[in-house]
Amino acid sequence: MSATSATAGSAADAASDERLRRWRLVLGGGPEEGTGRPLTGTDAAMDGALAALYGSGDGKERRGGRRSAGLEGSAPSVARWLGDIRTYFPASVVRVMQRDALDRLGLSALLLEPEMLEAVEADVHLVGTLLSLSKAMPETTKETARAVVRKVVEDLEKRLATRTRSTLTGALDRSARISRPRHRDIDWDRTVRANLKNYLPEYGTVVPERLIGYGRAARSVKKDVVLCIDQSGSMAASVVYASVFGAVLASMRSIATRLVVFDTSVVDLTDQLDDPVDVLFGTRLGGGTDINRVLAYCQSQITRPADTVVVLISDLYEGGIRDEMLKRVASMKASGVQFVTLLALSDEGAPAYDREHAAALAALGAPAFACTPDLFPEVMAAAIEKRPLPVPADI
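Anyway, here's the lowdown on the structure attached to this text. (Residues numbered from 1 in each chain as written. Predicted model: local features only at pLDDT ≥ 70, side-chain atom pairs only at ≥ 80, totals over all residues. Heavy atoms only, no water.)

**Quick look at empty space enclosed by the protein**
Left-over empty space is what a probe sized like a water molecule reveals as it rolls over the atoms.
And then number 1: If you walk through the whole model with that rule in mind, you get two cavities of 30 Å³ or more.
And then number 2: Here the second largest cavity is characterised by a volume of approximately 40 Å³.
And then number 3: Lining the second largest cavity are Arg95, Gln98, Arg99, Leu102, Asp123, His125 and Leu126.
And then number 4: For the lining of the second largest cavity, the secondary structure elements donating two or more residues are helix 4 (91-105) and helix 6 (124-133).
And then number 5: In terms of residue count, helix 4 provides more of the lining of the second largest cavity than any other element does, four residues in total.
And then number 6: Broken down by class, the residue content of the lining of the second largest cavity amounts to two nonpolar, two polar and three charged. (1 Å grid on protein atoms, 1.4 Å probe; cavity = no way out; pocket = protein on both sides within 12 Å on 5 of 7 lines; lining within 4 Å. Points joined across faces, edges and corners; volume = space filled by probe spheres on them. Helix = DSSP H or I, 4+ residues; strand = E, 2+ residues; numbered from the N terminus. Nonpolar A, V, L, I, M, F, W, Y, C, P; charged D, E, K, R; others polar.)

Written out as structure tokens, the structure reads:
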């Protein structure tokens, strides 16, 4: 056998062994899984961490080589497990496993202990869980919880703030048209469309009798934005992202931002927008939903309807008066308000939502759709410029 053939054979054997190893980790061992491959060292430790969460037993030790869940709600064992998964898996996988542990094994109560909070990998979903537990937190845990939430919020602001500000600043400038622009401020697309009647076929050109330009940035408030956020339990991630975006919008001089959260009651958190962590701890995840009531409050705060954007973030399960809710939306739109309905503001896509209400809003010219955080600046820019919203094609 040539050296080249031997090398190729060795590489194929290594690839086959790696596939077998991965299948062994997925299947969890036992005589019925068929790989016949034992695990040692790091692989055995990884398998143990997976077994503790995804095992099929009753919380006892392994029987016959089969996996069984082994965290049992014990703080010391969970702390060790959190350390193990951070050692053996990348951060993105750690966050998924933590979320599954909270859902599958009912470990939320352990997050009330400061030592546990210091051990977890923080993300948006963990923040949502902490907010839902905030009323039950002992004082010894609250400062640790705020530090965890602040870290996630600061990371989100770094990711989202710059693009949001630049996108919306451009939209605000374009929405303020001027009729005698300097050359560098001319909006050529709109200028050509406005002067098509002056087309000279013999010269193949349009005479720009009327110039349309972009407005220059000004210090005065150009738009009012009202973020209206459903704080029912299913909207936890949306509440986190909306609070961060609210703080970013509030930092822009040309946008007057109001942030309102609701369940069956309404709470205006506008005066806390300089710190989204305060906003988040001012929410109360869970409870019922009265969209009509919150829209009545938001409508009462609108003083410049033609320059106002209302963003309702809700799964639309209305516990209030449905017909009144729809009448309020219709009334706001008739007065010139740009009304945006987001079923979710998160990375997960569309949640369960009331399809009948969504269809009714769409019939009023307010399509309801789920929005990712990365798409949100474009949605807001379209609303500010009063152009069609970039609704995802799969709704």
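**A few points about the sheet that holds strand 3 (residues 223-230)**
And then number 1: Spatially, 5-4-3-6-7-8 is the arrangement adopted by the six strands of the open sheet, whose pairing is mixed. Every other strand in the sheet has two partners, leaving strand 5 (266-268) and strand 8 (368-371) as the edge strands with one partner each. Neighbour-to-neighbour, the strand axes of the sheet open up by a mean angle of 25°, direction not taken into account.
And then number 2: The sheet contact formed by strand 7 (residues 338-345) and strand 8 spans four bridges and is parallel. Across the sheet, the residue bridging to leucine 342 is phenylalanine 369, located in strand 8.
And then number 3: Those strands touched by helix 11 (residues 291-300) are strand 3, strand 4 (255-262), strand 5, strand 6 (308-313) and strand 7, and its axis lies near 155° from that of strand 4. (Pairing = 2+ DSSP bridges. Axes fitted to C-alpha atoms, helices over the stretch in contact; angles between N-to-C directions. Contact = heavy atoms within 4.5 Å.)

**Digging into the side chain of glutamate 318**
And then number 1: Along the chain, glutamate 318 falls in the loop between strand 6 and helix 12 (322-334).
And then number 2: It is arginine 328 that comes nearest to the buried, bridge-free glutamate 318 among opposite-charge side chains, at 8.3 Å.
And then number 3: Only 2.6 Å separates the side chain of glutamate 318 from the backbone nitrogen of isoleucine 291, close enough to count as a polar contact.
And then number 4: The contact partners of glutamate 318, leaving out residues within four places of it in the chain, are Thr289, Asp290, Ile291, Asn292, Met325 and His357. (Buried < 20%, exposed > 50% of the residue type's maximum accessible area, 1.4 Å probe, protein only. Lys, Arg positive; Asp, Glu negative; His and termini not counted. Salt bridge = Lys/Arg side-chain N within 4 Å of Asp/Glu carboxyl O. Polar contact = N/O pair within 3.5 Å; in protein donor to acceptor, adjacent residues only side chain to side chain.)

**Brief notes about the packing of aromatic side chains**
And then number 1: Under the definition given, this model contains one aromatic pair.
And then number 2: Ring centres of phenylalanine 245 and phenylalanine 376 lie 4.5 Å apart, and the angle between their planes is 40°; on these two criteria the pair is classed as tilted. Of this pair, phenylalanine 245 sits in helix 9 (residues 236-250) while phenylalanine 376 sits in helix 14 (residues 376-385), and the two are 131 residues apart along the sequence.
And then number 3: We classify phenylalanine 376 as buried; its relative accessible area is 1%. (Phe/Tyr/Trp six-rings, centres within 6.5 Å; stacked < 30°, edge-to-face > 60°.)

**Details of the pairing of strand 6**
And then number 1: The buried fraction of strand 6 is high, at six of six residues.
And then number 2: The side-chain alternation of strand 6 yields two buried faces, one formed by Thr308, Val310 and Leu312 and the other by Val309, Val311 and Ile313.
And then number 3: Note that strand 3 and strand 6 share six bridges and pair parallel. The residue bridging valine 225 from the neighbouring strand is valine 309, located in strand 6.
And then number 4: Here strand 6 pairs with strand 7 via five bridges, running parallel. Bridging across to strand 7, valine 310 finds its partner in phenylalanine 339.

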